[in-house]
Amino acid sequence: MALEHALLVSLSEQSGSGYELARRFDRSIGFFWNATHQQIYRVLKRMDGSGWVTGETVGQAGRPDKRVYRVSDAGRAELARWIAEPTDAGHLRNELAVKIRAAAYGDLDDVRAEVTRHRDAHTQRLEVYRMIEKRDFPSPDRLSGTALHQYLVLRGGIRVEEGFAQWCQEVLDAL
């Protein structure tokens, strides 16, 4: 997936400036696809040049003008093309797994420390996801459309974080 597609999704849900998109990434899509604010601005400019988005300059009282982007017809067509394209269900690429496999060739305490760090990070992210679920989706059985799709992605994130944290604990118990 290219950053362009993640931005098209976000802009399809709600138009916004580069700054607003960067903040949305920090709070939502960024959990699954991260990008720096500079990358977002560069890609928005490229997408504008490709005709996938249109930008409108909006004046702000007491602040510099901002450019608000919307998905164009060409951008909607590209998003639909990309959605229909098969995704790679390939292999899990995980550097931690390679380190665990190599544990016999290094210091086992270093491996344990790294696994502990990963377990704690995934546990912390899981707590954030559960807080978002409780705050934003109190009645998931009533969801439809975009809200349902957002919820389903969040549930996927919860399952991944649960599994990864449990796996790390399993590794620690075994080591």
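- By the naming in an unreviewed UniProt entry, the protein is PadR family transcriptional regulator, taken from Rhodococcus olei.

Some words on the side chain of Glu4
- Locating Glu4 in the fold gives a position in helix α1 (residues 3-13).
- A polar atom in the side chain of Glu4 sits 2.7 Å from the side chain of Arg46.
- Filtering out sequence-adjacent residues up to four positions away, Glu4 remains in contact with Val43, Arg46, Met47 and Trp52.

Things to note about the environment of Arg142
- Examined against the element boundaries, Arg142 turns out to sit in the loop between α6 (108-136) and α7 (145-174).
- C-alpha separation for the pair Arg142 and Arg27, spaced 115 residues apart in sequence, amounts to 23 Å.

Structural notes on the pairing of strand β3 (residues 63-71)
- Sheet topology places strand β1 (residues 16-17) next to β3; 2 bridges connect them, and they run antiparallel. Bridged to Gly16 within β3 is Tyr69.
- Across 7 bridges, the pairing between strand β2 (residues 53-60) and β3 is antiparallel. If you follow Gln60 over to β3, its bridge partner there is Arg63.

Focus: the sheet that holds β2
- Spatial ordering of the open sheet is given by β1-β3-β2, a layout of 3 strands whose pairing is antiparallel. Of all strands in the sheet, those bounded by a partner on one side alone are β1 and β2.
- With respect to the sheet, α1 is in contact with β1, β2 and β3, its orientation differing from that of β3 by roughly 100°.

What counts, and where the lines are drawn
Residues numbered from 1 in each chain as written. Predicted model: local features only at pLDDT ≥ 70, side-chain atom pairs only at ≥ 80, totals over all residues. Heavy atoms only, no water. Helix = DSSP H or I, 4+ residues; strand = E, 2+ residues; numbered from the N terminus. Polar contact = N/O pair within 3.5 Å; in protein donor to acceptor, adjacent residues only side chain to side chain. Contact = heavy atoms within 4.5 Å. Pairing = 2+ DSSP bridges. Axes fitted to C-alpha atoms, helices over the stretch in contact; angles between N-to-C directions.

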